[in-house]
Amino acid sequence: MPRYSGYSGYGSYGAQNPLVSIAEQSALPAFQSIESIVHAFGSVSMMLESSYHAVRASFQAVLGVAEQFSTMKLHISQIFSALATFRFVKYVYKKLVYLLGIQPENPELKKYIWKAEENLPSSITEMDLKAPVKWPILLYLGLTLAAPYL
């Protein structure tokens with residue numbers, strides 16, 4: 001009966017010498033121990049490799065999210081630029097209509113009169129011109145909380 005060891009590729013084919021057979025049998029547990037150690041290192045190596053791939057995939061996901069945020073920032077800035085352009089065109093149109101005499105009243109004058117009448121007892125402060133904006137904070141918190149579920 002031929003026997004094959006784990007790494008040698010050849011074994012004893014009906015060994016003629018009983019001393020060789022006894023030596024093989026006595027060394028078998030040592031080779032099995034070495035083989036189990038090699039398998040353990042192989043398992044640890046595979047575990048480390050899978051951990052490496054998981055960390056790399058997570059890093060790629062973070063980079064993808066950062067890229068999406070930069071794209072979103074670009075789109076939002078384009079929207080705000082378009083809105084500012086529309087406001088500027090509206091302002092120029094009103095001024096042009098006033099300067100050509102089509103509209104007899106200055107549209108800016110109405111704003112200042114109403115503002116002055118509302119705040120008659122007090123003067124206009126910087127805080128009146130700059131109201132605190134809370135929606136960016138709420139948007140950030142909403143994205144932070146909703147992003148893991150997307």
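Residues numbered from 1 in each chain as written. Predicted model: local features only at pLDDT ≥ 70, side-chain atom pairs only at ≥ 80, totals over all residues. Heavy atoms only, no water.

Novice: Even after reading the chapter, I still don't get the overall build of the chain, so can you show me in this structure?
Specialist: Across its full length, the chain carries four helices and zero strands. In the chain, which comprises 150 residues, the share counted as buried stands at 4%. (Helix = DSSP H or I, 4+ residues; strand = E, 2+ residues; numbered from the N terminus. Buried < 20%, exposed > 50% of the residue type's maximum accessible area, 1.4 Å probe, protein only.)

Novice: In this structure, what is going on with helix α1 (residues 18–100)? I would like to understand it.
Specialist: Here α1 is 83 residues long and its end C-alpha atoms lie 121 Å apart, about the 123 Å a rise of 1.5 Å per residue gives. Residue Leu28 marks the point of greatest curvature in α1, where the axis turns by about 35°; the proline Pro29 follows within four residues. Two or three places before Leu19, at the start of α1, stands the capping residue Asn17, its side-chain oxygen 3.2 Å from that residue's backbone nitrogen. Just downstream of α1, Gly101 is the residue with a positive phi angle, here 90°. (Expected span 1.5 Å × (residues − 1). Bend = angle between axes of the 7 residues up to and from the residue. Polar contact = N/O pair within 3.5 Å; in protein donor to acceptor, adjacent residues only side chain to side chain.)

Novice: I'm lost on a nonpolar patch on the surface in this one. Help?
Specialist: Taken together, Val65, Phe69, Met72, Ile76, Ile79, Phe80, Leu83, Phe86, Trp135 and Leu139 make up a surface patch of nonpolar side chains, about 960 Å² in accessible area. When contributions to the nonpolar patch are tallied by element, the ones reaching two or more residues are α1 and α4 (135–146). Following the sequence through the fold, Phe86 ends up in helix α1. On the accessibility criterion, Phe86 (61% relative accessible area) is exposed. (Patch = residues over 30% accessible without salt bridge, like charges linked within 9 Å, V, L, I, M, F, W, Y side chains within 5 Å. Areas by Shrake-Rupley, 256 points an atom, 1.4 Å probe, with all protein chains shown as cover. Salt bridge = Lys/Arg side-chain N within 4 Å of Asp/Glu carboxyl O.)

Novice: For this particular structure, what's the right way to read the confidence of the model for the chain?
Specialist: It should be kept in mind that the predicted coordinates are not to be read in detail where pLDDT is low. Of all residues in the chain, 73% attain a pLDDT of 70 or more, and the chain-wide mean is 80. Looking at the elements of the chain, mean pLDDT is at its lowest for helix α3 (residues 126–129), recorded as 60, and at its highest for α1, recorded as 90. (pLDDT = per-residue confidence, 0-100.)

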